[in-house]
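# Close look at the chain arrangement
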Amino acid sequence: MLRKFTCIVCPNGCEIETEIEDGKVTAVRGATCRRGEEYVCQEVSDPRRTIASSVRLKNGELPLVSVRLDAPIPKGRIFDVMKVIREAELEAPVSIGDIVIENVLGLGANVIVTKNVDIRR
């Protein structure tokens, strides 16, 4: 089976054609770097994504603070992780890099703060 991908690893955005047999990549054409080949193989065998979202913030200059995962998770677990993120709440102040949820759902990724937010004055 032939599948086409647009690589999202680097700014080149290579159009990659991949031959897949029995769920395994047998040929890759169009990748201009090794990272593109690795991306396609990962996407076929175990697609992963990162998430960016926001968390409620008590007593902050803002009512929400932006967060993201520090590592990709299996694509099929995005909604499970989002449910956990939606339930989270922090107390101001928060700083970039603060861990909101460590090892979310045992998936090896932390939810971290991406914006400094001070206490509401």
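The present account deals with the structure reproduced in this document. (Residues numbered from 1 in each chain as written. Predicted model: local features only at pLDDT ≥ 70, side-chain atom pairs only at ≥ 80, totals over all residues. Heavy atoms only, no water.)

## A word on the overall build of the protein chain
Along the backbone of the protein chain there are two helices and ten strands. Along the protein chain, helices and strands appear, N-terminal first, in the series β-β-β-α-β-β-β-β-α-β-β-β. For the protein chain, whose C-alpha radius of gyration is 18 Å, the value lies well above the compact-globule estimate of 14 Å for 121 residues. Each of the three principal axes of the protein chain carries a C-alpha extent, and together these read 60 × 25 × 15 Å. Per-residue burial for the protein chain yields a buried fraction of 32% across its 121 residues. Look at the contacts in the protein chain between residues 6 or more apart in sequence, and 47% of them connect residues 24 or more apart. Surface accessibility of the protein chain: about 7600 Å² in total, with carbon and sulfur atoms responsible for 49%. A gap of 3 Å separates the mean positions of the 18 positive and 18 negative side-chain charges of the protein chain. (Helix = DSSP H or I, 4+ residues; strand = E, 2+ residues; numbered from the N terminus. Rg over C-alpha atoms; globule rule 2.2 N^0.38 Å. Buried < 20%, exposed > 50% of the residue type's maximum accessible area, 1.4 Å probe, protein only. Contact = heavy atoms within 4.5 Å. Areas by Shrake-Rupley, 256 points an atom, 1.4 Å probe, with all protein chains shown as cover. Lys, Arg positive; Asp, Glu negative; His and termini not counted. Charge placed at Lys NZ, Arg CZ, Asp CG, Glu CD.)

## Here we look at the pattern of salt bridges
Under the counting rule described, the total for this entry stands at eleven salt bridges. Between Arg-29 and Glu-17 there is a salt bridge whose closest N-O contact spans 4.0 Å. Here Arg-29 is found in strand β3 (residues 24-29), whereas its partner Glu-17 is found in strand β2 (residues 15-21), with twelve residues between them in sequence. When its relative accessible area of 39% is taken as the criterion, Arg-29 is described as partly exposed. For the salt bridge of Arg-121 with Asp-118, the shortest nitrogen-to-oxygen distance reads 3.2 Å. (Salt bridge = Lys/Arg side-chain N within 4 Å of Asp/Glu carboxyl O.)

## A few points about the side chain of Asn-110
Considering the arrangement of structural elements, one finds Asn-110 in the loop between β9 (99-101) and β10 (111-113). Using a relative accessible area of 17% as the deciding quantity, one classes Asn-110 as buried. Here Asn-103 takes part through its backbone nitrogen, which lies 2.7 Å from a polar atom of the side chain of Asn-110. Setting aside anything within four residues of it in sequence, one finds Asn-110 in contact with Arg-68, Leu-69, Asp-70, Ile-99, Ile-101, Glu-102 and Asn-103. (Polar contact = N/O pair within 3.5 Å; in protein donor to acceptor, adjacent residues only side chain to side chain.)

## Structural notes on the pairing of β3
Across five bridges, the pairing between β2 and β3 is antiparallel. If you follow Glu-17 over to β3, its bridge partner there is Arg-29. Linkage of β2 to β3, two consecutive antiparallel strands, is achieved through a turn of two residues, within which Asp-22 is found at a positive phi near 55°. (Pairing = 2+ DSSP bridges.)

## Examining helix α1 (residues 34-45)
In an α-helix, one turn spans 3.6 residues, which is why side chains three or four residues apart end up on the same side. With twelve residues, α1 ought to run about 16 Å at 1.5 Å a step, and its terminal C-alpha atoms sit 17 Å apart, in line with that. Where α1 is concerned, the buried positions are Gly-36, Tyr-39, Val-40, Glu-43 and Val-44. The arc that holds the buried residues of α1, viewed along the axis, is 125°, so those residues lie on one side. Of the exposed residues in α1, the ones pointing more than 90 degrees away from its buried face are Arg-34 and Ser-45. Structurally, α1 contributes buried residues whose contacts are with β1 (2-6), β2, β3 and β4 (48-49). (Expected span 1.5 Å × (residues − 1). Arc of directions from axis to C-beta.)

So, to be careful, I would describe these as geometric facts and stop short of saying anything about function.
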